[in-house]
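Breakdown of the fold
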Amino acid sequence: MTTTTTTTTTPTGRRWGRFALHYVEMIIAMFAGMFLIGMLRSAVGLGVSLAEQPELWYLAMAFDMSIGMGAWMRVRGHRWTPTLEMCAIMFAPAVPLFPLLWTGVIDGDVLMLVSHVGMFPLMLAAMLLRLDEYAGCRH
C-alpha cells in the first residue's frame with residue numbers, strides 16, 4: 001500500500017511567510033537605495049564624510065534608504081501612510097543618539113552602528129502594528 005503525503009501551506013503559514021518576505025524585500029530595497037544613491041551623490045561631488053560630519057552623513061544615508069524602501073513599497077502597492085512611517089523609521093534611531101554625539105559620549109562610528117542595528121527592530125515593530133498591510137497577499 002502506497003501513501004502519498006502532500007505538504008500544503010496553511011493560510012497562517014502563508015501569511016507569516018509573506019510577512020517575512022516583505023521584511024526582507026524592504027531591507028534589500030533600503031540597502032540598495034543607500035548604496036546606489038550614496039554612490040551617485042559621491043560621483044557628483046556631494047559625498048559627506050562620516051568622520052567630519054557624522055550628523056549630515058547619517059541624515060543623507062537615512063534619506064537614501066528611505067528613497068529605496070519607499071519606492072519599493074509604492075511599487076508593491078502600499079498606501080502613503082505606512083510608506084512614510086517606514087521612511088521615518090530610517091531617521092528615528094539617530095534622534096536619541098545625536099545629543100550623545102554632540103557631547104562626545106559616542107563618535108560617528110557608534111552612531112552608524114547603533115542606528116543601523118536599531119532600524120531593524122523598529123521596522124519589525126511598525127510592520128507588526130500593521131500586520132494586515134504587510135502579511136496580506138494582496139501585494
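The preceding data block contains the structure.
Residues numbered from 1 in each chain as written. Predicted model: local features only at pLDDT ≥ 70, side-chain atom pairs only at ≥ 80, totals over all residues. Heavy atoms only, no water.

Some remarks on the overall build of the protein chain
A count of helices and strands for the protein chain gives six helices and zero strands. Counting the 139 residues in the protein chain, one finds 39% classified as buried. Taking the contacts inside the protein chain whose residues are at least 6 apart along the sequence as the reference set, 78% of them involve residues at least 24 apart. If you sum the accessible surface of the protein chain, you get close to 8,200 Å²; carbon and sulfur atoms cover 70% of it. (Helix = DSSP H or I, 4+ residues; strand = E, 2+ residues; numbered from the N terminus. Buried < 20%, exposed > 50% of the residue type's maximum accessible area, 1.4 Å probe, protein only. Contact = heavy atoms within 4.5 Å. Areas by Shrake-Rupley, 256 points an atom, 1.4 Å probe, with all protein chains shown as cover.)

A closer look at the packing of helix H2 (residues 54-75) against helix H5 (residues 108-129)
Viewed as axis vectors pointing N to C, H2 and H5 meet at an angle of 30°, and their least axial separation amounts to 10 Å. When the interaxial angle is binned, H2 and H5 end up roughly parallel. Regarding H2 and H5, the two cross each other, and that crossing is right-handed. Across from Pro-54, Trp-57, Tyr-58, Met-61, Met-65 and Met-69 in H2, the residues of H5 making contact are Gly-108, Leu-111, Met-112, Ser-115, His-116, Met-119 and Met-123. (Axes fitted to C-alpha atoms, helices over the stretch in contact; angles between N-to-C directions. Parallel < 35°, antiparallel > 145°, perpendicular 65-115°, else oblique. Left-handed = near helix turned anticlockwise from the far one by under 90°.)

Remarks on the nonpolar core
Of all hydrophobic cores here, the largest spans 29 residues; its most connected members are Tyr-58, Met-86, Met-90 and Met-123. Of all the secondary-structure elements, those providing two or more residues to this core are helix H1 (11-43), H2, helix H3 (80-91), helix H4 (97-102), H5 and helix H6 (131-135). With seven residues, the single largest contributor to this core is H2. Beyond its immediate sequence surroundings of up to four residues, Met-86 is in contact with Met-26, Met-69, Met-73, Met-123, Ala-126, Met-127 and Tyr-134. (Core = buried A, V, L, I, M, F, W, Y, C linked by side-chain atoms within 4.5 Å.)

Here we look at the packing of aromatic side chains
According to the stated counting rule, one finds five aromatic pairs in the structure shown. On the basis of an interplanar angle of 35° and a centroid distance of 5.8 Å, the ring pair of Phe-98 and Trp-102 is categorised as tilted. Of this pair, Phe-98 and Trp-102 both sit in helix H4, four residues apart, which is roughly one turn of that helix. The class of Phe-98 is buried, set by a relative accessible area of 12%. By the ring-pair criterion, three or more aromatic residues cluster together here, those being Phe-31, Phe-35 and Phe-120. The ring of Trp-80 is capped by Arg-74, whose NZ or CZ atom sits 4.1 Å from the centre of that ring. (Phe/Tyr/Trp six-rings, centres within 6.5 Å; stacked < 30°, edge-to-face > 60°. Lys NZ or Arg CZ within 6 Å of the ring centre and 35° of its normal.)

Brief notes about the pattern of salt bridges
A complete count under the given rule lists six salt bridges for this structure. Here Asp-132 makes a salt bridge to Arg-15, at a shortest N to O gap of 2.5 Å. Here the residue Asp-132 occupies a position in helix H6, and Arg-15 occupies one in helix H1, the gap between them amounting to 117 residues. You can call Asp-132 exposed: its relative accessible area is 55%. Residue Arg-15 is classed as partly exposed on the basis of its relative accessible area of 26%. One salt bridge connects Glu-25 with Arg-76, and the closest N-O pair in it is separated by 3.3 Å. Within this pair, whereas Glu-25 is found in helix H1, its partner Arg-76 is found in the loop between H2 and H3, the two being separated by 51 residues in sequence. (Salt bridge = Lys/Arg side-chain N within 4 Å of Asp/Glu carboxyl O.)

A closer look at the packing of H2 against H3
Relative to each other, H2 and H3 sit at 155°, their axes nearing to 8 Å. Considering their axes alone, H2 and H3 lie roughly antiparallel with respect to each other. As H2 runs across H3, the sense of the crossing is right-handed. Of H3, the residues touching H2 (which contributes Tyr-58, Leu-59, Ala-62, Phe-63, Met-65, Ser-66, Met-69, Gly-70, Met-73 and Arg-74) are Trp-80, Pro-82, Thr-83, Met-86, Cys-87, Met-90 and Phe-91. In terms of residue class, the contact of H2 with H3 is built from 13 nonpolar, three polar and one charged. (Nonpolar A, V, L, I, M, F, W, Y, C, P; charged D, E, K, R; others polar.)

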